[in-house]
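Residue-level structural notes
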Amino acid sequence: MTECMRTKIAGIGHYVPEKVVSNHDLTQYMDTSDEWIRERTGIESRRYAEKHRETTASMGAKAARIALERAGITAEEVDFIIFATLSPDYYFPGCGVLLQRELGVTNKEAGALDIRNQCSGFVYGISIADQFIKSGMYKNILLVGSEMHSMGLDFSDEGRAVTVIFGDGAGAVVLQPTEQEGQGVLTTCLHSDGTHAEELAMINPGSHSGYHLGTEKFGYPDVDVPGGTFVTQTMVDNNLLAPNMTGQLVFKTAVVKFPEVIQEALHKTGLQVSDIDLLIPHQANLRISQFVQKSLRLPDEKVFNNIQKYGNTTAASIPIALSEAWEAGLVKEGNLICLAAFGSGFTWGSALIRW
Ligand code: ACO
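Residues numbered from 1 in each chain as written. Predicted model: local features only at pLDDT ≥ 70, side-chain atom pairs only at ≥ 80, totals over all residues. Heavy atoms only, no water.

Looking now at the overall build of the protein chain. Check the secondary structure of the protein chain and you find 11 helices and 13 strands. The principal-axis extents of the C-alpha atoms in the protein chain amount to approximately 60 × 50 × 40 Å. Scored against the burial criterion, the 355 residues of the protein chain give a buried share of 55%. Counting contacts in the protein chain only where the partners sit at least 6 residues apart, residues at least 24 apart contribute 77% of the total. With an accessible surface of roughly 16,000 Å², the protein chain has 50% of that area assigned to carbon and sulfur atoms. If the 29 positive side-chain charges of the protein chain are averaged to one point and the 42 negative ones to another, these points end up 4 Å apart. (Helix = DSSP H or I, 4+ residues; strand = E, 2+ residues; numbered from the N terminus. Buried < 20%, exposed > 50% of the residue type's maximum accessible area, 1.4 Å probe, protein only. Contact = heavy atoms within 4.5 Å. Areas by Shrake-Rupley, 256 points an atom, 1.4 Å probe, with all protein chains shown as cover. Lys, Arg positive; Asp, Glu negative; His and termini not counted. Charge placed at Lys NZ, Arg CZ, Asp CG, Glu CD.)

In space, the four strands of this open sheet follow the order β8-β13-β12-β11, with mixed pairing throughout. Edge positions in the sheet fall to β8 (184-192) and β11 (278-281), since each has one partner strand and no second. For this sheet the average axis-to-axis angle between neighbouring strands, irrespective of direction, equals 10°. Running over the sheet, helix α8 (residues 247-269) touches β8, β11, β12 (336-343) and β13 (347-354) and is turned about 140° from β8. (Pairing = 2+ DSSP bridges. Axes fitted to C-alpha atoms, helices over the stretch in contact; angles between N-to-C directions.)

Attention shifts here to the nonpolar core. Formed by 33 residues in total, the largest nonpolar core has its most connected members in Ile9, Ile126, Ile141, Leu175, Ile280, Leu322 and Leu339. Ranked by the residues each element gives to this core, the list is headed by helix α5 (residues 121-134), at six residues. Setting aside its immediate chain neighbours within four residues, Leu339 contacts Phe122, Val123, Ile280, Ile318, Leu322, Gly349, Ser350, Ala351 and Ile353. (Core = buried A, V, L, I, M, F, W, Y, C linked by side-chain atoms within 4.5 Å.)

Buried within helix α9 (residues 286-296) are the following residues: Leu286, Ile288, Ser289, Val292, Gln293 and Leu296. Looking straight down α9, one finds that the buried residues subtend no more than 160° of arc, so they occupy a single side. Looking at the buried side of α9, the elements it contacts are α2 (34-41), α8, β11 and α10 (307-310). If you check the start of α9, you find a side-chain oxygen 2.8 Å away from the backbone N of Arg287, and it comes from Asn285. In the segment just after α9, Arg297 is the residue with positive phi, at about 55°. (Arc of directions from axis to C-beta. Polar contact = N/O pair within 3.5 Å; in protein donor to acceptor, adjacent residues only side chain to side chain.)

Near the ligand lie 22 residues; those nearest to it are Thr32, Gly247, His282, Asn285 and Asn312. Here a nitrogen atom of the ligand and a side-chain polar atom of Thr32 are 2.7 Å apart. For the ligand, whose free accessible area comes to 1,000 Å², the fraction covered by protein is 72%. Looking at the shell around the ligand, the elements that each hand over two or more residues are α2, α6 (160-163), α8 and β12. It is α8 that contributes the most residues to the shell around the ligand, four residues altogether. By residue class, the composition of the shell around the ligand is 12 nonpolar, seven polar and three charged. (Near = heavy atom within 4 Å. Nonpolar A, V, L, I, M, F, W, Y, C, P; charged D, E, K, R; others polar.)

Glancing now at the sheet that holds strand β4 (residues 80-84). A sheet is described by the order of its strands in space; here five strands give the open sequence β1-β7-β6-β4-β5, paired in mixed fashion. Only two strands of the sheet have a single neighbouring strand rather than two, namely β1 (6-15) and β5 (111-115). The average undirected angle you get between the axes of adjacent strands in this sheet is 20°. The pairing of β1 with strand β7 (residues 169-178) spans nine bridges and is antiparallel. Of the residues in β7, the one forming a bridge with Thr7 is Pro177. Across the sheet, helix α3 (residues 56-71) lies against β1, β4, β6 (141-147) and β7, angled at about 125° from β1, the strand it touches most.

Let us now look at the packing of aromatic side chains. Tallied over the entire structure, the rule returns eight aromatic pairs. Ring geometry for Tyr48 versus Phe155: centroids 6.0 Å apart, planes at 90°, classification edge-to-face. On the criterion of sequence distance, the pair formed by Tyr48 in strand β3 (residues 45-48) and Phe155 in the loop between β6 and α6 is long-range, its members being 107 residues apart. Judged by centre distance (4.9 Å) and plane angle (50°), the rings of Phe342 and Phe346 are tilted. Phe346 sits in the buried class, given a relative accessible area of 2%. (Phe/Tyr/Trp six-rings, centres within 6.5 Å; stacked < 30°, edge-to-face > 60°.)

In structure tokens:
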């Protein structure tokens, strides 16, 4: 390993589907209102992918092509793919290999890794890529965060508290080694606590058999099916194939963990909150971002939010926001960029990057 080798973001891109779904549009499916959604989440609209034509991997590929072009490399030169999503095209294999095929990454040495860290997937991906690059193992890593939530939400009144929050989209970065003084990923901090794993989760389909909770709440597999099955009639009949969220617990925990993990990264690098040029928090909920901003005493121009337009796009939210901020000229050479995420698991993390 070269002593001063760091990891830089060499190219970035994003893609959001064309279809805009306003809060008002959702009122035709469920009992909700523009006022309720804006007040609680700050969201005004979200994008939904075009069914049968777009997938999580295909949206990821669109974002990736832009990131590759901006990095000045071809798909052939990618030597490792990391794909973060909670809404994959298939239960398995993961989206990493689908992206590889779609982009035509024919380099047989290239590996593909899928990560299932939901909202913190992109920050975890940065950290993984950083270790591979610093060790000298890879030189061109393509990291993608993509979600097609619209296929997995419950559009009845029962699912409204979750459904109104989420949207579709993808973001991608190309990571490369840099020896430029001071540039690159300065540190990453990763954390997890599975105590509340089921409080923000999509339990089914799955192999859990219900035993972990001692309750039928999430649906037992049908007992008379030899060997069991991931999807059961009970799950279908009881509308148990959608995500669930204990919103207030998520909110309360997120507003503590976000500032904590940002301060941790600053402490590790000997920097201060005032050194941050731009904070890009995972776009969970505008109220959470505002809480974090207030507790860190950051001015408005140092926090980037776009959840108003796109809703919460989970693993895609940070790269979409970073890409938009970069396109708007808000991410300049030498800037200190802080990425931070919290979500299902719970898992959370931060990354400090000198651009
Ligand atoms: N439209 C209208 N009414 C609704 C909706 C909706 N979409 N959803 C729930 N309600 C109703 C509830 O049924 C309830 O009605 P009731 O009082 O008659 O029982 C009422 O609104 C209040 O419900 P609460 O769940 O108590 O609402 P709360 O004020 O907690 O807001 C929310 C819910 C927005 C989810 C909030 O808890 C929150 O922001 N939590 C953070 C969760 C979050 O941001 N998750 C993002 C994904 S996770 C991540 O990325 C980290």
